[in-house]
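Report on the structure
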Amino acid sequence: EYQELVNGILIISAQAESKNIPFLVGAMALSYPSETYAPIGGMKGLMDFFQRELESRGVEVRLKSQVTKISSNGVTLSSGEKIGAGKIISNLPVWNMAKLTEGPLSNSLKEESEKRPGSWGAF
């Protein structure tokens with residue numbers, strides 16, 4: 001019954017059930033019915049907040065930089081630039097990540113994406 005309630009709320013606010021929604025989108029969608037509001041500055045304002053928080057913690061944020069490859073020690077950009085990284089945060093869905101990786105990570109991501117039905121979203 002609880003899952004049915006959660007899915008009912010998500011269908012209204014995010015147009016999909018919990019198994020097809022990324023966590024962050026689902027969390028925001030579940031708060032929607034309690035109070036209709038928008039973050040200051042809209043979604044751009046929310047992303048600006050995330051960027052400020054990350055940068056205040058020493059994280060380098062790169063905008064408008066297409067990643068063409070993700071490896072265990074960093075990323076390669078379409079410009080050819082290689083950036084070392086201990087951790088990488090991606091907003092790509094699991095279905096797209098396997099194309100950017102190689103070896104065991106790519107295989108693991110392919111297996112994970114095959115377990116999940118297709119979905120859609122915007123970020």
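Here's what I pulled together on the structure shown here.

To continue, consider the overall build of the chain. On a plain count of helices and strands, the chain comes out with five helices and three strands. The linear arrangement of helices and strands in the chain, starting from the amino end, is α-α-α-β-β-β-α-α. Taking all 123 residues of the chain together, 20% fall into the buried category. Carbon and sulfur atoms form 56% of the exposed surface of the chain, whose accessible area is close to 9,400 Å².

Attention now moves to the sheet that holds strand E3 (residues 82-84). In a beta sheet, neighbouring strands are held together by backbone hydrogen bonds and run either parallel or antiparallel to one another. The strand order across the open sheet formed by three strands is E1-E2-E3, and the pairing between neighbours is antiparallel. What marks the edges here is a single partner per strand, and that holds for strand E1 (67-71) and E3. Averaged over all pairs of adjacent strands, the angle between their axes in this sheet comes to 20 degrees, without regard to strand direction. In this sheet, strand E2 (residues 74-77) lies alongside E1 in antiparallel orientation, the contact comprising four bridges. Considered in E2, the bridge of Lys69 is made with Thr76.

Turning our attention to the packing of helix H1 (residues 2-14) against helix H2 (residues 23-31). At a closest axis distance of 9 Å, the pairing of H1 and H2 adopts a crossing angle of 95 degrees. With respect to their mutual orientation, H1 and H2 come out roughly perpendicular. Mapping the contact onto sequence places Val6, Ile9, Leu10, Ser13 and Ala14 in H1 and Gly26, Ala29 and Leu30 in H2. Of the residues assigned to the contact of H1 with H2, the class counts are six nonpolar, two polar and no charged.

Ranked by size, the top nonpolar core spans nine residues in total: Ile70, Val75, Leu77, Ile83, Val94, Met97, Ala98, Leu100 and Leu109. Of all the secondary-structure elements, those providing two or more residues to this core are E2 and helix H4 (94-97). Sequence-distant contacts of Ile83, that is, excluding residues within four places in its chain, are made with Arg62, Asn73, Gly74, Val75 and Leu77.

A word on helix H5 (residues 103-115). For H5, built from 13 residues, the straight-helix expectation of 18 Å at 1.5 Å per residue is met to within 8% by its first-to-last C-alpha distance of 19 Å. Within the sequence span of H5, burial applies to Ser106, Leu109 and Ser113. In a view along the axis of H5, the buried residues occupy a sector of 65 degrees, so they form one face of it. Every exposed residue of H5 that faces more than 90 degrees away from the buried side is listed here: Pro104, Glu114 and Lys115. Against H4 lie the buried residues of H5.

Time to look at unusual backbone geometry. The backbone of Gln15 sits at a positive phi, close to 60 degrees, despite the residue not being glycine. Position of Gln15 relative to the elements: it lies in the loop between H1 and H2. Unlike most non-glycine residues, Lys64 shows phi in positive territory, near 55 degrees. Mapped onto the fold, Lys64 is located in the loop between helix H3 (42-56) and E1.

The rules behind each value
- Residue indices begin from 1 for each chain and proceed along its sequence in written order.
- Per-residue local features of the predicted model are confined to residues with pLDDT of at least 70, and side-chain atom pairs are confined, for both listing and counting, to 80 or more; whole-chain, interface and lining totals are unaffected and use all residues.
- Think of the side-chain values as coming from all heavy atoms in the structure, minus any hydrogens and water.
- Helical segments are the DSSP runs of H or I of at least four residues, strand segments are the runs of E of at least two, and each set is numbered from the N terminus.
- Accessibility here uses a 1.4 Å probe with only protein chains present; expressed as a share of the type maximum, an area under 20% marks a residue as buried, one over 50% as exposed, and anything in between as partly exposed.
- The Shrake-Rupley method, run with a 1.4 Å probe sphere, supplies the accessible areas, and residue values consider only the shown protein chains as cover.
- DSSP bridges decide pairing: two strands pair if at least two such bridges lie between them.
- Between the N-to-C directions of two axes lies an angle of 0 to 180 degrees, each axis being a line fitted to C-alpha atoms and, for a helix, fitted only over the stretch in contact.
- Our angle categories are set so that under 35 degrees counts as roughly parallel, over 145 as roughly antiparallel, 65 to 115 as roughly perpendicular, and the remainder as oblique.
- We call two residues in contact whenever any of their non-hydrogen atoms come within 4.5 Å of each other.
- Amino acid classes used here: Ala, Val, Leu, Ile, Met, Phe, Trp, Tyr, Cys and Pro are nonpolar; Asp, Glu, Lys and Arg are charged; the rest, including Gly, are polar.
- Joining through side-chain atoms within 4.5 Å is the link that ties buried Ala, Val, Leu, Ile, Met, Phe, Trp, Tyr and Cys residues into a set, and such a set is a nonpolar core.
- An expected span of 1.5 Å times one less than the residue number is assigned to each helix.
- The arc in question is the one traced by the directions running from the helix axis out to the C-beta atoms.

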